[in-house]
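Structural description and commentary
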Amino acid sequence: MIMTYQLRLANGKGEARQLGLQRSKIGSRDQVLPRNLKTFLANPKNKENFNNFTYEEWSTSMPHALTPSQTLVLSGGFDNPERAVEITRAHVQDVPELFSTQEGS
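Anyway, here's the lowdown on the structure attached to this text.

Criteria and thresholds
- Residues numbered from 1 in each chain as written.
- Predicted model: local features only at pLDDT ≥ 70, side-chain atom pairs only at ≥ 80, totals over all residues.
- Heavy atoms only, no water.
- Helix = DSSP H or I, 4+ residues; strand = E, 2+ residues; numbered from the N terminus.
- Contact = heavy atoms within 4.5 Å.
- Core = buried A, V, L, I, M, F, W, Y, C linked by side-chain atoms within 4.5 Å.
- Buried < 20%, exposed > 50% of the residue type's maximum accessible area, 1.4 Å probe, protein only.

Along the polypeptide, Leu-72 turns up in strand E1 (residues 71-75). Along the backbone, Leu-72 and Thr-88 are 16 residues apart, and their C-alpha atoms lie at a distance of 6.5 Å. Setting aside chain neighbours within four positions, we find Leu-72 in contact with Met-62, Leu-66, Val-85, Glu-86 and Ile-87.

Written out as structure tokens, the structure reads:
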């Protein structure tokens, strides 16, 4: 199953330029995003916020899309980059055993 999200792009050049230069926290699916996502995501904070929004959305919407035998594990994109989450049709839960800084020991 493919999940789609309606993240709107900015209509005017001025609006896109303004959003691309400033930091932006994505708060909902209806938020206007700039046309030039490459420029928008060039700001590390925007990229971090976009990833966190996507991971949080998947955490809430994916259980309904999964079959009873499917499990999805997400990590590395939440506000806390060490966080790992297991998603099944029945639950969404943190998996502390998978928390990682992605640094070798």
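Moving on to the nonpolar core. Membership of the largest hydrophobic core is limited to eight residues, which are Tyr-55, Met-62, Ala-65, Leu-66, Leu-74, Phe-78, Val-85 and Ile-87. Elements with a contribution of two residues or more to this core: helix H3 (44-65) and strand E2 (84-88). Of all the elements, H3 adds the most residues to this core, at three residues. The contacts of Phe-78, once residues within four sequence positions are left out, are Asn-52, Tyr-55, Glu-56, Ser-59, Arg-83 and Val-85.

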